[in-house]
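Here is what each chain is made of, one letter per residue.
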Amino acid sequence: MASDTPLGVVVGAGGIGRALAQAMAADPAYDRVLVIARRPVETPGAELILADLLDDDAMDRAAQAIADAGRPSRVIVATGVLHGPGLSPEKTMRALTAEALTEVLRVNAVGPALVARRLLPLMPRDRPSAFAAISARVGSIGDNHLGGWYGYRASKAALNMLIRTLAVEHRRTHPLGLCVALHPGTVDTALSAPFQRGVAPERLFTPEVSAAALMQVLDGLGPDASGGFYAWDGAEIPW
């Protein structure tokens, strides 16, 4: 049975994930901070759990370790893929392949949904809590005026729908719980590095600035905001 020790949990240890973990570790609201990552990384102030979010056995073990440690009052999924070997944002429909579309959907949508399946039930029912997944403004169907980036857009739109649906179910058992999608802004990380040309310096955030903004957004949202999609500045983004 889980103890009542308040936990902060971050899934993913890229630039934003590490910054979020450090922000939580500095917050007295959390007695412990746990980070789930695929490979060993330095996470000062946080405890590392090695697991790939698409490895069912590893994630089952990670979820059990979290349950044994306490009740997570804030969980943020900060995983994602945009480019890599054999993978890049599609400029036109001619670049679409089944392999690339499947990969970005697995990582950006399926993975976070399976994290939610395991961790949402562990969150406290008698006090406020927050589950968030890092999405992207380009996942907004209503805000899509430029086209392109088919797979990434589709995967983040799918993630948004999953979060919205998870929020409906979560509210039935955790009425004080918050479940939202967050847009972190354009952050200076390996994910965005090839696409930063033309971004105004004041709009290119360090991971620490983005993480602090996202934590502030979550601090300011109540249960009535559950199921929403919010930017780093707290503005609601259209679906």
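Refer to the structure printed above.
Nothing here was measured: the structure is a model prediction, and the numbers come from that model.

Calculation criteria
Residues numbered from 1 in each chain as written. Predicted model: local features only at pLDDT ≥ 70, side-chain atom pairs only at ≥ 80, totals over all residues. Heavy atoms only, no water. Salt bridge = Lys/Arg side-chain N within 4 Å of Asp/Glu carboxyl O. Helix = DSSP H or I, 4+ residues; strand = E, 2+ residues; numbered from the N terminus. Buried < 20%, exposed > 50% of the residue type's maximum accessible area, 1.4 Å probe, protein only. Expected span 1.5 Å × (residues − 1). Contact = heavy atoms within 4.5 Å. Pairing = 2+ DSSP bridges. Axes fitted to C-alpha atoms, helices over the stretch in contact; angles between N-to-C directions.

A closer look at the pattern of salt bridges
Taken as a whole, this structure holds six salt bridges when the rule is applied. We note a salt bridge from Asp-56 to Arg-118, for which the minimum N-O separation is 3.1 Å. Of the two residues, Asp-56 is situated in helix H2 (residues 56-69) and Arg-118 in helix H3 (residues 98-119); the sequence distance between them amounts to 62 residues. When its relative accessible area of 40% is taken as the criterion, Asp-56 is described as partly exposed. With relative accessibility at 9%, the residue Arg-118 sits in the buried group. A salt bridge links Glu-103 to Arg-106, with the shortest nitrogen-to-oxygen separation between them at 3.4 Å. With Glu-103 and Arg-106 both in helix H3 and three residues apart, this pair spans about one turn of that helix. Accessibility expressed as a relative area gives 32% for Glu-103, which makes it partly exposed.

A short note on helix H4 (residues 150-173)
Spanning 24 residues, H4 covers 35 Å between terminal C-alpha atoms, matching the ideal 34 Å at 1.5 Å per step. Of all the residues in H4, the buried ones are Gly-151, Tyr-152, Arg-153, Ser-155, Lys-156, Leu-159, Asn-160, Ile-163, Leu-166, Ala-167 and His-170. Where H4 is buried, its residues meet H3, strand S5 (129-134), strand S6 (177-183) and strand S9 (229-231).

Quick look at the sheet that holds strand S4 (residues 71-77)
Strand order in the open sheet formed by seven strands is S3-S2-S1-S4-S5-S6-S9, with parallel pairing between adjacent strands. Edge positions in the open sheet fall to strand S3 (47-50) and S9, since each of these has one partner strand only. Averaged over all neighbouring strand pairs, the angle between strand axes comes to 25°, with direction disregarded. Two elements, strand S2 (residues 32-37) and S3, share four bridges in a ladder whose sense is parallel. Residue pairing in the sheet places Leu-34 in a bridge with Glu-47 of S3. Contacts between H4 and the sheet are confined to S5, S6 and S9, with S6 contributing the most and set at about 170° to the helix.

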